[in-house]
Amino acid sequence: MKTQTAKKFFLFALVAVFTLSGCALSKMKKMAKDQQLTVTPSPLEVHADTVKFEMSAKLPVKMLKPKKVYQINTFYTYGTQERQLKTVQFREVDYPNSATEQPSITETYMFPYVDGMNRGSLQVQGKALNPKNGNFLETERLGIADGVITTSKLVQPSYYASYAPHGYNDQEELIPTNVEFFFDQGRSVFKTSEKNSDRGEKFAAFIAEKNVTRTVTITGTHSPEGKETFNSELSRERAAAIEAWYREKMDQYDYQNMASQIRFIQKPIVQDWTGLKNMLASYNGITSAQKSEWTNIINGTGSFEQKEKQLQTLSTYNKVFTDIYPQLRTAKTEVLTVKPKKARTEIATLATQIANGSASADALSLEEMLYAAANNPSLTEKQKIYEAAAKKNDTYVVHNNLGAVHLQMAMQTSGREMTNHVKTALNHFNISNQKQANVYAQANMGMALAMQENLWGAHDALTKAAAMNPGNEVSQGVNGAKGYVETRVGRYDLAIASLNRATNRSVDQFNKGLVQLLRKDFRNAQSTLESVISSDRGYVMAHYAAAVAAARQDNENKVIEHLRNAINADSSLKSKAATDLEFRQYTGSQAFMDLIN
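A brief report on the enclosed structure follows.

Quick word on the overall build of the protein
Part 1: On a plain count of helices and strands, the protein comes out with 26 helices and 14 strands.
Part 2: At 43 Å, the protein has a C-alpha radius of gyration far larger than the 25 Å of a compact globule built from 597 residues.
Part 3: Its C-alpha atoms give the protein principal-axis dimensions of roughly 155 × 60 × 50 Å.
Part 4: Here the protein holds 597 residues, and the buried ones make up 45% of them.
Part 5: In the protein, the share of contacts with a sequence separation of at least 24, taken over all contacts with a separation of at least 6, comes to 67%.
Part 6: Within the structure as shown, the protein displays about 30400 Å² of accessible surface, and the carbon and sulfur contribution to it stands at 48%.
Part 7: Across the protein, the centroid of the 70 positively charged side chains sits 12 Å from that of the 60 negatively charged ones.

Things to note about unusual backbone geometry
Part 1: A cis amide bond links Thr 40 with the next residue in sequence, Pro 41, at an omega value of -5°.
Part 2: Considering the arrangement of structural elements, one finds Pro 41 in the loop between β1 (36–40) and β2 (44–47).
Part 3: Here Ser 42 and Pro 43 are connected by a cis peptide whose omega angle stands at 0°.
Part 4: The residue Pro 43 is located in the loop between β1 and β2 in this model.
Part 5: Of note in this structure, Gln 271 is not a glycine but carries a positive phi near 50°.
Part 6: The residue Gln 271 is located in the loop between β13 (263–268) and α7 (274–281) in this model.
Part 7: A positive phi angle is found at Asp 554, which is not glycine, with a value near 60°.
Part 8: By the element assignment, Asp 554 lies in the loop between α23 (540–552) and α24 (556–569).

Section: the nonpolar core
Part 1: If you look at the biggest cluster of nonpolar residues, it comprises 96 residues, and the most contacted ones within it are Phe 510, Tyr 544, Leu 563 and Phe 583.
Part 2: By residue number, the principal contributor to this core is α23, which donates 11 residues.
Part 3: If near-sequence neighbours (up to four positions away) are discounted, Phe 510 is found in contact with Leu 154, Gln 156, Leu 529, Val 532, Tyr 539, Met 541, Ala 542 and Ala 545.
Part 4: Among the nonpolar cores identified, the runner-up in size contains 31 residues, and Leu 44, Met 55, Ile 72 and Leu 85 belong to it.

Regarding the environment of Gly 167
Part 1: By the element assignment, Gly 167 lies in the loop between β10 (148–149) and β11 (174–182).
Part 2: Classification of Gly 167 by relative accessible area gives exposed; the value is 61%.
Part 3: Taking the C-alpha atoms as reference points, Gly 167 and Lys 29, separated by 138 residues in sequence, lie 79 Å from one another.

Describing helix α3 (residues 198–208)
Part 1: Residues of α3 that are buried: Gly 200, Phe 203, Ala 204, Phe 206 and Ile 207. Buried residues of α3 fall within an arc of 155° about the axis and therefore sit on the same side. Those residues of α3 that are exposed and angled more than 90 degrees off the buried face are Asp 198 and Lys 202.
Part 2: Taken together, the buried residues of α3 touch β11, α2 (192–195), α5 (234–252) and β14 (330–338).
Part 3: Phi turns positive, to about 55°, at Lys 210, one or two residues after α3.

Overview of the pattern of salt bridges
Part 1: Applying the stated rule across the entire model yields 24 salt bridges.
Part 2: A salt bridge links Asp 394 to Lys 435, with the shortest nitrogen-to-oxygen separation between them at 3.5 Å. Separated by 41 residues along the polypeptide, Asp 394 in the loop between α14 (379–392) and α15 (396–411) and Lys 435 in helix α16 (residues 415–435) bring together distant segments of the chain.
Part 3: Put simply, Asp 49, Lys 153, Glu 453 and Arg 488 are held in one network by salt bridges that share partners.

Things to note about the side chain of Lys 512
Part 1: Mapping Lys 512 onto the fold places it in helix α21 (residues 506–518).
Part 2: Buried charge without a partner: Lys 512 forms no salt bridge, and the closest opposite charge is Asp 521, 9.0 Å away.
Part 3: Among all residues touching Lys 512, those that are not within four sequence positions of it are Ile 496, Leu 499, Asn 500 and Thr 528.

Here we look at the packing of α3 against α5
Part 1: Look at α3 against α5: their axes get within 10 Å of each other, and the N-to-C directions meet at 50°. As the angle between them shows, α3 and α5 are arranged oblique. The crossing of α3 and α5 is right-handed. Touching Gly 200, Phe 203, Ala 204, Phe 206 and Ile 207 of α3 are Trp 245, Tyr 246, Lys 249 and Met 250, all from α5.

Topic: the packing of aromatic side chains
Part 1: Under the defined criterion, the tally for this structure stands at 24 aromatic pairs.
Part 2: Here the aromatic rings of Tyr 163 and Tyr 386 are separated by 6.5 Å at their centres, their planes lie at 25°, and the arrangement is stacked. With Tyr 163 in the loop between β10 and β11 and Tyr 386 in helix α14, the pair connects residues that are 223 residues apart, well separated along the chain.
Part 3: Residue classification places Tyr 386 among the buried positions, given a relative accessible area of 1%.
Part 4: Ring geometry for Phe 190 and Trp 245: centres 5.4 Å apart, planes at 80°, overall edge-to-face. Note that Phe 190 is positioned in the loop between β11 and α2 and Trp 245 in helix α5, a separation of 55 residues in sequence.

Re the sheet that holds β14
Part 1: Taken in spatial order, the 4 strands make up an open sheet running β11-β14-β12-β13, and their pairing is mixed. Only two strands of the sheet have a single neighbouring strand rather than two, namely β11 and β13. This sheet shows a mean twist of 15° between the axes of neighbouring strands, independent of strand direction.
Part 2: Alignment of strand β12 (residues 213–220) against β14, held across 7 bridges, turns out to be antiparallel. The residue bridging Thr 219 from the neighbouring strand is Lys 332, located in β14.
Part 3: Sheet strands touched by α3: β11 and β14. Its angle to β11, the strand with the most contacts, is close to 145°.
Part 4: Of the strands in this sheet, β11, β12, β13 and β14 touch α5, which is tilted by about 160° from β13.

Topic: the pairing of β2
Part 1: Across 2 bridges, β2 lies against β10 in parallel orientation. In the strand pairing of β10, Glu 45 is matched with Ile 149.
Part 2: Bridge count between β2 and strand β3 (residues 50–58): 2 bridges; the pairing is antiparallel. The residue of β3 that forms the bridge with Val 46 is Val 51.
Part 3: Taking the residues between adjacent antiparallel strands as the criterion, β2 and β3 are bridged by 2 residues, where Ala 48 takes a positive phi near 55°.

Reading guide: rules and limits
- Residues numbered from 1 in each chain as written.
- Predicted model: local features only at pLDDT ≥ 70, side-chain atom pairs only at ≥ 80, totals over all residues.
- Heavy atoms only, no water.
- Helix = DSSP H or I, 4+ residues; strand = E, 2+ residues; numbered from the N terminus.
- Rg over C-alpha atoms; globule rule 2.2 N^0.38 Å.
- Buried < 20%, exposed > 50% of the residue type's maximum accessible area, 1.4 Å probe, protein only.
- Contact = heavy atoms within 4.5 Å.
- Areas by Shrake-Rupley, 256 points an atom, 1.4 Å probe, with all protein chains shown as cover.
- Lys, Arg positive; Asp, Glu negative; His and termini not counted.
- Charge placed at Lys NZ, Arg CZ, Asp CG, Glu CD.
- Core = buried A, V, L, I, M, F, W, Y, C linked by side-chain atoms within 4.5 Å.
- Arc of directions from axis to C-beta.
- Salt bridge = Lys/Arg side-chain N within 4 Å of Asp/Glu carboxyl O.
- Axes fitted to C-alpha atoms, helices over the stretch in contact; angles between N-to-C directions.
- Parallel < 35°, antiparallel > 145°, perpendicular 65-115°, else oblique.
- Left-handed = near helix turned anticlockwise from the far one by under 90°.
- Phe/Tyr/Trp six-rings, centres within 6.5 Å; stacked < 30°, edge-to-face > 60°.
- Pairing = 2+ DSSP bridges.

As structure tokens, then:
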């Protein structure tokens, strides 16, 4: 009897325990309906391909029970998919004042964004749990935030192929030809001996070639002794004598109309010590101390004639007079002729023939080949010319520019073809940098890495390129790409700084407006995006982003205006706008519904 009674008592106690436990769980479940859940931001937002948010939970006073656990399970559901997120647990022992104060907790959650998540629901489900026996009761699932705002995904790729300079000067270049003729002391007669000298004959032969000539500058000079300086016209007359002889030769060689196109410039030098000082500096006929005597007088006070008289008192005067003075009685002639160059069309034709193997690579210089490639609008033909140039001389310029062609080809293709072009481009940029570190290859490397989705690698390469002090054009291209990458990784503070230094291309200005929007600088975002629209009405996404900026400012008229322009240009944006949570407050607006239906 005692045994049976004991068994009955044990069973009764066990049932009582379970009943009390179940009662506690039931009360926790019932009280859970009064829990306070706050999600920030709501709706959720994606940045840097990650959805990140905070959830704060407050439980009712007295909800927690001894030795029981209340946990909140969080899920994001979209379509037929579901992602389970972090679980939060409340234990009575962790909240000793839970009988008088609301237990609370704030947790940060994050999960990677994938396509389709924009329309979904953040849900929670409470679970009252007895850890000792595993018994639990669950609440109904509760939706606490709708979907994901994907405005950051509007960022547009900004790539820029940087070509190293081809090194060819296609402008007119002038080649100087210089000759010096000497005159007797105090005279301006152009002597026959000078005309028949090697200098005179070579110069006459030069004139006979009838080179296209722009200017003939004749500088007449004199030595500083009395007989020379007395005649102030002597240097001018010497210059005139050479010009007369030059014109005589032009008549002899039948220049005809060419002669009238040549400008003769006479530059007489009167009472000038420069020539003498220069020649004294390199003259070895006297000592340094003796040279100082000369320079002290020349640089001292007094008139030209007074200084000349002082020089005549020096013991070295006769020697200098004999060795140097005759060389100062000259007419120095400089002829600027046009450097012969091939026509642009000839260079283009020869470059194509070299690339096709029908002409020798010697037909053009490397610079001419690079020039032809730079001006060829066809990427395929550019590639062939650069490849031919690499066989001629594989410089860092050739490899960078060949890589730049593949980079541009990658921008115009997709899939495997794009991948192959990017790989080839990177190979050439690496070779270019190995041959000579250069900003063009460094910048292009950043573009290529960005196309491979290696965003931080791209950022590192672009940052290095920016530090190499590139020219303005390359710098702006680098900053545009850098701003795009920084937007992709969610560093909007860095992105706005980069995009402020980027190009005025629509894509860079659009990205700038978008970053301003993401930084909640709505007014400036609106202004920037509308500037893009004003300068490039075909840039459809600027209308769409401007509609978002207007929505953030509760400007329905602007929302409708920009969405209408966007949808009229691209009908696929109708369905996007219909599901975009940026416009959720307008779902009751007839104007909005008319637009998306």
